[in-house]
Amino acid sequence: KNTLQFRIDILNAGNMLNNKWGVGYVSTTASPLSVASIDAYLVPTYKLATQVVSVDGVNTTILIRDSFVKSINIDNVWQAQIGVRYIF
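Think of each chain on its own: its residues are numbered from 1, step by step along the sequence as written. Only residues with pLDDT of at least 70 get local features here, since the model is predicted, and only at 80 or more are side-chain atom pairs given and counted; chain-wide, interface and lining totals rely on the full set of residues. The basis for every side-chain value is the complete set of heavy atoms in the structure, and neither hydrogens nor water enter the calculation.

Overview of the overall build of the protein
- Assigned secondary structure in the protein consists of 1 helix and 8 strands.
- Seen in sequence order, the protein has helices and strands lined up from the N terminus as β-α-β-β-β-β-β-β-β.
- For the radius of gyration, the atoms used are the C-alpha atoms, and the globule rule reads 2.2 Å times the number of residues raised to 0.38. Expected size for 88 residues packed as a compact globule is a radius of gyration near 12 Å; at 24 Å, the protein overshoots this value by more than 25%.
- Each principal axis of the C-alpha distribution contributes one length, and for the protein these read about 85 × 35 × 20 Å.
- Whether two residues are in contact is decided by their heavy atoms: any pair within 4.5 Å suffices. Looking at the protein alone, contacts between residues at least 24 apart form 55% of all its contacts between residues at least 6 apart.
- Using the Shrake-Rupley algorithm and a 1.4 Å probe, accessible areas are obtained, with residue cover drawn only from the displayed protein chains. When the accessible area of the protein is evaluated, it comes to approximately 7,600 Å², of which 59% is carbon and sulfur surface. By the criteria applied, helices consist of DSSP H or I runs no shorter than four residues and strands consist of E runs no shorter than two, each listed in order from the N terminus.

Quick notes on the side chain of Ser71
- Relative to the elements of secondary structure, Ser71 occurs in the loop between β7 (68-70) and β8 (79-87).
- The buried label applies to any residue whose accessible area, calculated with a 1.4 Å probe on protein chains only, is under 20% of its type's maximum; exposed applies above 50%, and partly exposed to all values in between. Given the relative accessible area of 16%, Ser71 is considered buried.
- Residues adjacent in sequence count toward polar contacts only when both atoms are side-chain atoms; beyond that, a polar contact is any pair of N or O atoms within 3.5 Å, and within protein one must be able to donate a hydrogen and the other to accept it. Only 3.2 Å separates the side chain of Ser71 from the side chain of Asn73, close enough to count as a polar contact.
- What Ser71 contacts, discounting residues up to four positions off in sequence, is Gly24, Tyr25, Val26 and Asn76.

Focus on the pattern of salt bridges
- A pairing counts as a salt bridge when a side-chain nitrogen of Lys or Arg comes within 4 Å of a carboxyl oxygen of Asp or Glu. One pass over the full model with this rule turns up 2 salt bridges.
- The salt bridge partner of Asp9 is Arg7, with a shortest N-O separation of 3.0 Å.
- Residue classification places Asp9 among the partly exposed residues on the basis of a relative accessible area of 23%.
- Overall, Arg7 belongs to the exposed group, its relative accessible area being 55%.

So, a nonpolar patch on the surface
- Taken together, the side chains of Leu4, Phe6, Ile8, Ile10, Met16, Trp78, Ile82, Val84, Tyr86 and Phe88 present a nonpolar region at the surface, about 1,200 Å² in accessible area.
- Residue assignment for the nonpolar patch shows that the elements contributing at least two residues are β1 (3-11) and β8.
- It is β1 that contributes the most residues to the nonpolar patch, 4 residues altogether.
- Among the secondary structure elements, Val84 is positioned in strand β8.
- The exposed category is assigned to Val84, whose relative accessible area is 56%. For patches, a residue must show more than 30% relative accessible area and have no salt bridge; joins then use 9 Å for like charges and 5 Å for nonpolar side chains, namely Val, Leu, Ile, Met, Phe, Trp and Tyr.

Below is the structure:
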């Protein structure tokens, strides 16, 4: 008996319904606070990490304000896969 089968797989279907769903986030930094220097009395001075933001197409370095930012990769958009199989 010869058979033809069709199959459709949808990955990240939530993102297909709403582009804010199914989006991954990554941490901006693993250590937001670091030791800048230590004085003669062994008192540390700390500094806050920075991040680069784009304002009107110009990149500006600011103190860190976002804990997480959207991950930019293929897994953040919906995908469809179509398959055809012939069984004989």
